[in-house]
Amino acid sequence: MTSKLFYNIGQLVTNDPLHDGTKLGVIEKAALLIEDGVVAWAGPEDDAPTHHIKKKIDVQGRAVIPGFVDSHNHMIFAGDRSKEFRARMLGESYSAGGIAHTVEKTRAASGETLRANAQSLFAEAYSGGTTTIECKSGYGLTVDDERRSLEIAQEFTDETTFLGAHVVPVEYKSNPKDYVDLVCGQMLEAVLPHAKWIDVFCDKGAFSVEDARTILQAGMRKGLLPRLHANQIQEGGGVRLGVELGVASVDHVSHISVKDIEALSKSKVVATLLPGAEFSTRSAYPDVRPLLEASITVALASDCNPGSSYTTNMPFIIAVAVRDMHFSPEQALWSATLGGAKALLREDVGHLSEGASADFSILKSDSYIHLAYRPGVNLIEEVWRNGLQIR
Ligand code: NIG
Ligand code: FE
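- For the protein, the name recorded in an unreviewed UniProt entry is imidazolonepropionase, with freshwater metagenome as its organism.
- You can read under Pathway (unreviewed entry) in the UniProt record for the protein the words "Amino-acid degradation."

1. As for the overall build of the protein
Right, so step 1: From N to C terminus, the protein includes 13 helices and 18 strands.
Right, so step 2: Since a compact globule built from 391 residues should have a radius of gyration of about 21 Å, the 21 Å found for the protein is in line with a globular shape.
Right, so step 3: By its C-alpha atoms, the protein is 70 × 45 × 45 Å across when sized along the principal axes.
Right, so step 4: Looking at the protein alone, contacts between residues at least 24 apart form 69% of all its contacts between residues at least 6 apart.
Right, so step 5: Surface summary for the protein: the accessible area is close to 15,500 Å², and the carbon and sulfur share equals 50%.
Right, so step 6: In the protein, which carries 38 positive and 50 negative side-chain charges, the distance between the mean positions of the two groups comes to 3 Å.

2. Topic: the state of the cysteines
Right, so step 1: Using the criterion set out here, one finds 0 disulfides in the structure.
Right, so step 2: Between Cys 202, a cysteine without a disulfide, and Cys 184, which holds the nearest cysteine sulfur, the sulfur-to-sulfur distance is 14 Å.
Right, so step 3: For Cys 304, which is in no disulfide, the shortest distance to another cysteine sulfur is to Cys 135 and amounts to 8.8 Å.

3. Details of the coordination of the iron ion (ligand 2)
Right, so step 1: Within the protein, His 72 (NE2), His 74 (NE2), His 229 (NE2) and Asp 303 (OD) serve as the donor atoms for the iron ion (ligand 2), at 2.0 to 2.6 Å.
Right, so step 2: Between consecutive donor residues of the iron ion (ligand 2), the sequence gaps follow H-x1-H-x154-H-x73-D.

4. Topic: the UniProt feature "domain: Amidohydrolase-related" (unreviewed entry) in the protein
Right, so step 1: Within the UniProt annotation, "domain: Amidohydrolase-related" (unreviewed entry) is assigned to residues 251-367.
Right, so step 2: Helix makes up 39% of residues 251-367 and strand 11%, with an end-to-end C-alpha separation of 29 Å.

5. Here's the deal with the pattern of salt bridges
Right, so step 1: Enumeration according to the criterion identifies 22 salt bridges in this entry.
Right, so step 2: Between Glu 112 and Arg 115 there is a salt bridge, with the nearest N and O atoms lying 2.7 Å from each other. Taken together, the residues span about one helical turn, with Glu 112 and Arg 115 both in helix H3 (residues 111-127) at a distance of 3 residues.
Right, so step 3: Note that Arg 115 is salt-bridged to Glu 155, the shortest N-O span being 2.7 Å. Of this pair, Arg 115 sits in helix H3 while Glu 155 sits in helix H4 (residues 143-156), and the two are 40 residues apart along the sequence.
Right, so step 4: Salt bridges here are not isolated pairs; linked through shared partners, they connect Glu 134, Lys 136, Asp 199 and Arg 227.

6. Details of the site of ligand 1
Right, so step 1: As a structural note, the neighbourhood of ligand 1 is formed by 15 residues, with Tyr 94, Tyr 139, His 166, Gln 232 and Ser 308 the closest of them.
Right, so step 2: Tyr 139 has a polar side-chain atom sitting 2.6 Å from an oxygen atom of ligand 1.
Right, so step 3: Asn 305 is positioned with one of its side-chain polar atoms (N or O) 3.5 Å from an oxygen atom of ligand 1.
Right, so step 4: Grouping the constituent residues of the shell around ligand 1 by class yields 4 nonpolar, 9 polar and 2 charged.

7. Structural notes on the pairing of strand S16 (residues 360-363)
Right, so step 1: Residues Phe 360 and Ile 362 line one face of S16 and the alternating positions Ser 361 and Leu 363 line the opposite face, and both faces are buried.
Right, so step 2: Bridge count for strand S5 (residues 63-66) against S16 is 3 bridges, and the pairing is antiparallel. Counted as the bridge partner of Pro 66 is Phe 360 from S16.
Right, so step 3: Examined bridge by bridge, S16 and strand S17 (residues 380-385) share 4 bridges and lie antiparallel to one another. From the neighbouring strand, Phe 360 faces S17, where its bridge partner is Trp 384.

8. Details of helix H11 (residues 314-324)
Right, so step 1: Those residues of H11 that sit buried are Met 314, Pro 315, Ile 317, Ile 318, Ala 319, Val 320 and Ala 321.
Right, so step 2: For H11, the N-terminal cap is Asn 313; the gap from its side-chain oxygen to the backbone nitrogen of Phe 316 is 2.9 Å.
Right, so step 3: One or two residues past the end of H11 sits His 326, with phi positive at roughly 65°.

9. Looking at the domain arrangement of the protein
Right, so step 1: As assigned here, the protein comprises domain 1 (3-67 + 350-389) and domain 2 (68-343).
Right, so step 2: The interface is formed by 20 residues belonging to domain 1 together with 20 residues belonging to domain 2.
Right, so step 3: Note on domain 1 versus domain 2: buried area summed over both sides is about 1,700 Å², and carbon and sulfur give 69% of it.
Right, so step 4: Area buried by domain 1 at its contact with domain 2 is led by Lys 23, Gly 67 and Leu 371, which between them contribute 28% of it.
Right, so step 5: Viewed at the interface, domain 2 and domain 1 are joined by 0 salt bridges.
Right, so step 6: Across the contact surface, domain 1 and domain 2 share 5 residue pairs in polar contact (both at pLDDT 80 or more).
Right, so step 7: Among the secondary structure elements, those contributing two or more residues to the side of domain 1 that touches domain 2 are S5, helix H13 (370-373) and S17.
Right, so step 8: A per-element tally of the side of domain 1 that touches domain 2 places S17 first, with 4 residues.
Right, so step 9: Within the side of domain 1 that touches domain 2, the residues separate by chemical class into 12 nonpolar, 5 polar and 3 charged.

10. Things to note about unusual backbone geometry
The general pattern is negative phi for most residues beyond glycine and trans for most peptide bonds.
Right, so step 1: Phi at Asn 8 takes a positive value of approximately 60°, unusual for a residue other than glycine.
Right, so step 2: Within the secondary structure, Asn 8 sits in strand S1 (residues 3-13).
Right, so step 3: Under the relative-accessibility criterion, Asn 8 is labelled partly exposed at 22%.
Right, so step 4: Positive phi, close to 60°, is recorded for Asp 303, a residue that is not glycine.
Right, so step 5: As for its placement among the helices and strands, Asp 303 is situated in the loop between strand S15 (298-300) and H11.
Right, so step 6: Its relative accessible area of 1% is what places Asp 303 among the buried residues.

Conventions we followed
Residues numbered from 1 in each chain as written. Chains lettered and ligands numbered in written order. Predicted model: local features only at pLDDT ≥ 70, side-chain atom pairs only at ≥ 80, totals over all residues. Heavy atoms only, no water. UniProt positions renumbered as here; feature names shortened; annotations may be inferred. Helix = DSSP H or I, 4+ residues; strand = E, 2+ residues; numbered from the N terminus. Rg over C-alpha atoms; globule rule 2.2 N^0.38 Å. Contact = heavy atoms within 4.5 Å. Areas by Shrake-Rupley, 256 points an atom, 1.4 Å probe, with all protein chains shown as cover. Lys, Arg positive; Asp, Glu negative; His and termini not counted. Charge placed at Lys NZ, Arg CZ, Asp CG, Glu CD. Disulfide = S-S within 2.5 Å. Donors = N, O, S within 2.8 Å, 3.2 Å for Na, K, Ca; no water. Salt bridge = Lys/Arg side-chain N within 4 Å of Asp/Glu carboxyl O. Near = heavy atom within 4 Å. Polar contact = N/O pair within 3.5 Å; in protein donor to acceptor, adjacent residues only side chain to side chain. Nonpolar A, V, L, I, M, F, W, Y, C, P; charged D, E, K, R; others polar. Buried < 20%, exposed > 50% of the residue type's maximum accessible area, 1.4 Å probe, protein only. Pairing = 2+ DSSP bridges. Domains from an automatic or database assignment. Buried area = accessible area lost by both parts, 1.4 Å probe.

So this is what it looks like as structure tokens:
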């Protein structure tokens, strides 16, 4: 058995309300015992177990937080869209149209190129304190390219999502129904061994509520778990479709109606907000307060993709959420950790209670508030995943 005791932790965020009656479950002057990759004990340092400790690590008064659970990403692609970003910053507005450019580059790329790009994005995310990463396909949009994307994604994470219904590819523009049939039939069959989830971009310029329902149900019949891109570009029926089908999470929800909030509040569906997308498309930020007031579970994710949000950095996402979406620093940290875990239906990550995966970061600072208070500064000193130091 390997056991390590981290002690002299100035502030330990556990996300276990048992410790202090708040969502973050903060323990001051804490210790954390890790055994065989899981949390064996967390509590005040004075109560720490003393037997059978193989190694003691002095955290020197810094803060320790659960690893970020980044539940929404598109990391299998080739090329970039910096010119599109530039044009947007000079006044053009975002539409889903740029996706076609990345599809072209992705189809033309070798598996090695896609793998190397994914490898560098995953490494970048880990070094920013993320320890669980969801990854979608959606830039292949042929049977072989979607399968290839998910095969590669599966080399990096178990949280793989089939997004064949990202947009209708150019070759199907005149017969989009045939593309929906392909996604629900041959493409779905081909990706099944490599995907856990199924997702649809249900929005203007992408797929209608009816098509999204057809596609998600086809995936669910084959055992995939549903999640949904909804209401990014405009308010539509996406959020309510998500509730109707009991998806794990509706993502973006940049435009939300009173009816949507009511539907979500009666369900277990998580609302995942993606501030990086509003930031990089210069769109209006949604306000989290009505969601929280309605007791809806809210997650934060980076939405790393080459078009609308080319970042893997969860501290940046937290800073924007606090600054522009009215998250408290506490809520933002919770949403980026346990919120993300809930959006992925995971109970083993996103918190540091006994039995949880030993996934956590040691900050350079003594308070998690610095994640938002010191934007753009690298505050991640060390990252541990499954009890092993990865940075
Ligand atoms: O989640 N909204 C749809 N998909 C991505 C953007 C994809 C792209 O622009 O390449 C998103 O923001
Ligand atoms: Fe997305």
